[in-house]
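The lines below spell out each chain.
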Amino acid sequence: AQSVTQLDSHVSVSEGTPVLLRCNYSSSYSPSLFWYVQHPNKGLQLLLKYTSAATLVKGINGFEAEFKKSETSFHLTKPSAHMSDAAEYFCVVINAGKSTFGDGTTLTVKP
Amino acid sequence: EAGVAQSPRYKIIEKRQSVAFWCNPISGHATLYWYQQILGQGPKLLIQFQNNGVVDDSQLPKDRFSAERLKGVDSTLKIQPAKLEDSAVYLCASSLGGGSGNTIYFGEGSWLTVV
């Protein structure tokens, strides 16, 4: 069995400050890990993915995530938040073709 | 490259009625997924196809939900009869294959309200 826990349901930051969205996972085998972003009334868009190569993964729009096997974590970060980053973010684990989503973190960016 | 197409985008029906959603995946993608996303939750996989065969339908409520992908391309998800708790966004997605490293591409979703 596998599971994903997004530790914060809501995160609020000011524009220009760092973003940290936390994700822990459990999986029996070596999984692939993904972060998706969902803007209102839009489909999910891939931000970045980890598939057993480099543990620090860079994605679109300045986001990056670090895979830490010992901590079973895959936290998403961005050095400086922009207003357009306000959205819902989902951490996803995929193992043996089976996908499991976290419940999402709503990111609010204050001007 | 065209993305995953879904229709209709919005549907309102009364409980006990039926509804069908259609999905056309990205060309060449062998794997097709249907997810249910209830407000405030992450998407939950309902069914996964590899070409025209079912790989995983363990979370599909088979007494009321059905899905098919007859020619291994587009797919239809049907709900009959609908219940109030079926109100959700139904997301179709596709990937090149079913392996763990394959990126899953999503459509914009079909919003269902059951009244």
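Further up the page is the structure itself.
Cut-offs used in this document
- Residues numbered from 1 in each chain as written.
- Chains lettered and ligands numbered in written order.
- Predicted model: local features only at pLDDT ≥ 70, side-chain atom pairs only at ≥ 80, totals over all residues.
- Heavy atoms only, no water.
- 1 Å grid on protein atoms, 1.4 Å probe; cavity = no way out; pocket = protein on both sides within 12 Å on 5 of 7 lines; lining within 4 Å.
- Points joined across faces, edges and corners; volume = space filled by probe spheres on them.
- Helix = DSSP H or I, 4+ residues; strand = E, 2+ residues; numbered from the N terminus.
- Nonpolar A, V, L, I, M, F, W, Y, C, P; charged D, E, K, R; others polar.
- Contact = heavy atoms within 4.5 Å.
- Buried area = accessible area lost by both parts, 1.4 Å probe.
- Salt bridge = Lys/Arg side-chain N within 4 Å of Asp/Glu carboxyl O.
- Buried < 20%, exposed > 50% of the residue type's maximum accessible area, 1.4 Å probe, protein only.

S.K.: Please set out the layout of surface pockets residue by residue, giving values where relevant.
M.R.: Its volume calculated, the largest pocket comes out at about 360 Å³. In terms of lining residues, the largest pocket is bounded by 19 residues, among which Gln38 of chain A together with Gln37, Leu39, Val89 and Trp111 of chain B are the most central. When contributions to the lining of the largest pocket are tallied by element, the ones reaching two or more residues are strand S10 (87–95) of chain A together with strand S9 (88–95) and strand S11 (110–114) of chain B. Across the lining of the largest pocket, the residue classes tally to 9 nonpolar, 8 polar and 2 charged.

S.K.: Which residues make up empty space enclosed by the protein, and what values do they have?
M.R.: Taken as a whole and assessed by the stated rule, the structure comprises 1 cavity of 30 Å³ or more. Of the residues in the lining of the largest cavity, the class split is 3 nonpolar, 5 polar and 1 charged.

S.K.: How would you explain the interface of chain A and chain B if you had to name every residue and give the values?
M.R.: Listed as interface residues are 21 residues of chain A and, on the opposing side, 21 residues of chain B. With both chains or domains summed, chain A and chain B bury close to 1600 Å², and 47% of this area falls on carbon and sulfur atoms. Our enumeration of links across chain A and chain B arrives at 2 salt bridges. Among the salt bridges present, the one from Lys42 of chain A reaches Glu108 of chain B, with a minimum N-O distance of 3.8 Å.

S.K.: Requested: an account of the pattern of salt bridges, with residues and values cited.
M.R.: Think of it this way: side chains of opposite charge can pair up when their charged atoms draw near. In the structure shown here, the tally under the stated rule is 8 salt bridges over all chains. Across the salt bridge formed by Lys98 of chain A and Asp56 of chain B, the nearest N and O atoms sit 3.6 Å from each other. Within this pair, whereas Lys98 of chain A is found in strand S11 (residues 98–101), its partner Asp56 of chain B is found in strand S6 (residues 53–56), the two belonging to separate chains. By relative accessible area, which is 33% here, Lys98 of chain A ends up partly exposed.

What is shown is where atoms sit, not what they do.
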